[in-house]
Amino acid sequence: MNPFTKRILTVGIIVLVTGIAFYPRLKPLLESKAEKGAEAAAKPAPGGGKAAVEVMVVRSHNLDEKILTTGTILANEEVEIRPEVSGRVTSINFREGDYVRRGTVLLTINDADLKAQLQKLMSNRKLAEDNEARQRRLLEKEAISRQEYEISQTNLSGILADIENLKAQLDKTVIRAPFDGNIGLRYVSLGSYISSSTKIATLTNVTPAKLDFSIPAKYAGQVRKGSTIRFTVEGSEVGRTGQVYAVEPKVDPETRTLLLRAVSPNADRMLVPGAFAKIEVVLSSRGSAIVIPTEAIIPEASGQKVFVLRHSKAESVKVEIGTRTDRSVEIRTGLQPGDSLITSGIQLVKPGGEVEVRNIL
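Throughout what follows, the structure given in this document is the object of discussion. (Residues numbered from 1 in each chain as written. Predicted model: local features only at pLDDT ≥ 70, side-chain atom pairs only at ≥ 80, totals over all residues. Heavy atoms only, no water.)

## Side note on the sheet that holds strand β8 (residues 181-183)
For clarity, the cut-off: Two strands are counted as paired when DSSP detects at least two bridges linking them. Helical segments are the DSSP runs of H or I of at least four residues, strand segments are the runs of E of at least two, and each set is numbered from the N terminus.
Taken together, the four strands give an open sheet; going across it, the order is β3-β10-β8-β5, and neighbouring strands pair in antiparallel fashion. Two strands close off the open sheet at either side, each with one partner strand: β3 (77-81) and β5 (99-100). Pairing between β3 and strand β10 (residues 201-205): five bridges, direction antiparallel. In the sheet register, Val79 faces β10, and the bridge partner there is Leu203.

Listed below in structure tokens is the structure:
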């Protein structure tokens, strides 16, 4: 080991031994200085000490007690157009997507054989009517028995019934729109042979639109015919309103929910059947109530309180709360319209302490 390294090692050992010897005497002095430094850091800077807060002016609002659920948009009326008789399609009188009026002829089926049968029956009716008239005159002269006359009368009645039946069959060869609406995609072509199982198209009326939705069974007594709903649909943030017009008379035992149906105006036809809807069901509505943000409430063992700003100082006020949502809470007692409520920076506020208002809502 060289002389220089020996000197360095010797000095280090001397310093270590000296520190160990004098540490018990220096320890109280070091601790006292650390405590004084902490106290100095904890004291507010001269001229400071005001808590920065945001304030909201308390106002009265309409308050609705509501529940959230989901539902499905339905058509006002919807039907699959199908024929009642079999036959070959002779004309198609609509285009896919057309808006049609009630009674519009959509499609016709070949009726040549039915018309031929009707023509034959019309001729037979003429003969039967002449025979019945002749037999009636003979009966009046007592030239024939009443039984012979009734036979001719029965023959005429049978022919007339057959004629009415054929006319009904002929009427079924002309398919008409049962109500106003939009015709959907076509599934047959000109010349196709169709039967009662053949789907021709779908006719849909969406003005107004209907909504099906369910609510938990515990609210069954609070929602009834005439209750108001608010909703939005997929792809749109436009709020719409509706009214419950039908309620299922029993609760579903599997889901413990109650099915309801509402109706909503749809003049713009933007509510498409089958779309998903987010629904708010209004259970009750109050004309005037004080509602504040949830974060302004401070829970205590004996209830809740808030801080209000009075004469540039924070004042603690006990409040009684009512209906609560995820963002707001109703105040039943403790606040009045016009009070300045502290909504943020509450953790820095002390009763009677001065505050600095950064923003007024």
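Read on for the rest.
## A look at unusual backbone geometry
Looking along the chain, the bond that leaves Thr207 and enters Pro208 is cis, with omega of 0°. With respect to the helices, strands and loops of the structure, Pro208 is situated in the loop between β10 and β11 (209-216). For Arg256, which is not a glycine, the phi torsion comes out positive at approximately 55°. Its location among the elements puts Arg256 in the loop between β13 (240-247) and β14 (257-264). Phi at His311 is positive, roughly 55°, even though this residue is not glycine. Along the polypeptide, His311 turns up in the loop between β17 (303-310) and β18 (313-324).

## Describing helix α3 (residues 146-172)
Note that an α-helix has 3.6 residues per turn; residues three or four places apart therefore point the same way. Just so we agree on the cut-off: In a helix, the anticipated span is given by 1.5 Å times the number of residues less one. A 1.4 Å probe rolled over the protein chains alone gives each residue an accessible area, and that area as a share of the maximum for its type sets the label: buried under 20%, exposed over 50%, partly exposed in between. It only takes one pair of heavy atoms within 4.5 Å for two residues to be counted as in contact.
Between its terminal C-alpha atoms α3 stretches 39 Å, which fits the 39 Å expected from 27 residues at 1.5 Å a residue. Listed as buried for α3 are Tyr149, Ser152, Leu156, Ile159, Ile163, Leu166 and Leu170. Elements in contact with the buried residues of α3: α2 (112-140) and β7 (174-176).

## Quick notes on α2
In this model, α2 (29 residues) spans 42 Å end to end at C-alpha, consistent with the 42 Å of a helix rising 1.5 Å per residue. Taken residue by residue, α2 has Leu114, Leu118, Leu121, Ala128, Glu132, Ala133, Gln135 and Leu139 as its buried positions. Its buried side turned inward, α2 meets α3. Downstream of α2 by one or two residues, Glu142 has phi in the positive range, about 60°.

## Considerations on the pattern of salt bridges
Where we set the bar: We define a salt bridge as a side-chain nitrogen of Lys or Arg found within 4 Å of a carboxyl oxygen belonging to Asp or Glu.
In total, this model carries 19 salt bridges according to the counting rule given. Glu300 is paired through a salt bridge with Lys318; the nearest N and O atoms lie 3.0 Å apart. With a gap of 18 residues between them, Glu300 in strand β16 (residues 298-300) and Lys318 in strand β18 connect regions that are remote in the sequence. One salt bridge in this structure joins Glu315 and Arg310, with 2.8 Å as the shortest N-O distance. For Glu315, a relative accessible area of 35% gives the class partly exposed. Residue class for Arg310 comes out partly exposed when judged on its relative accessible area of 32%. A network of salt bridges, in which partner residues are shared, links Lys66, Arg230 and Glu280.

Limitation: the analysis is restricted to geometry and does not speak to function.
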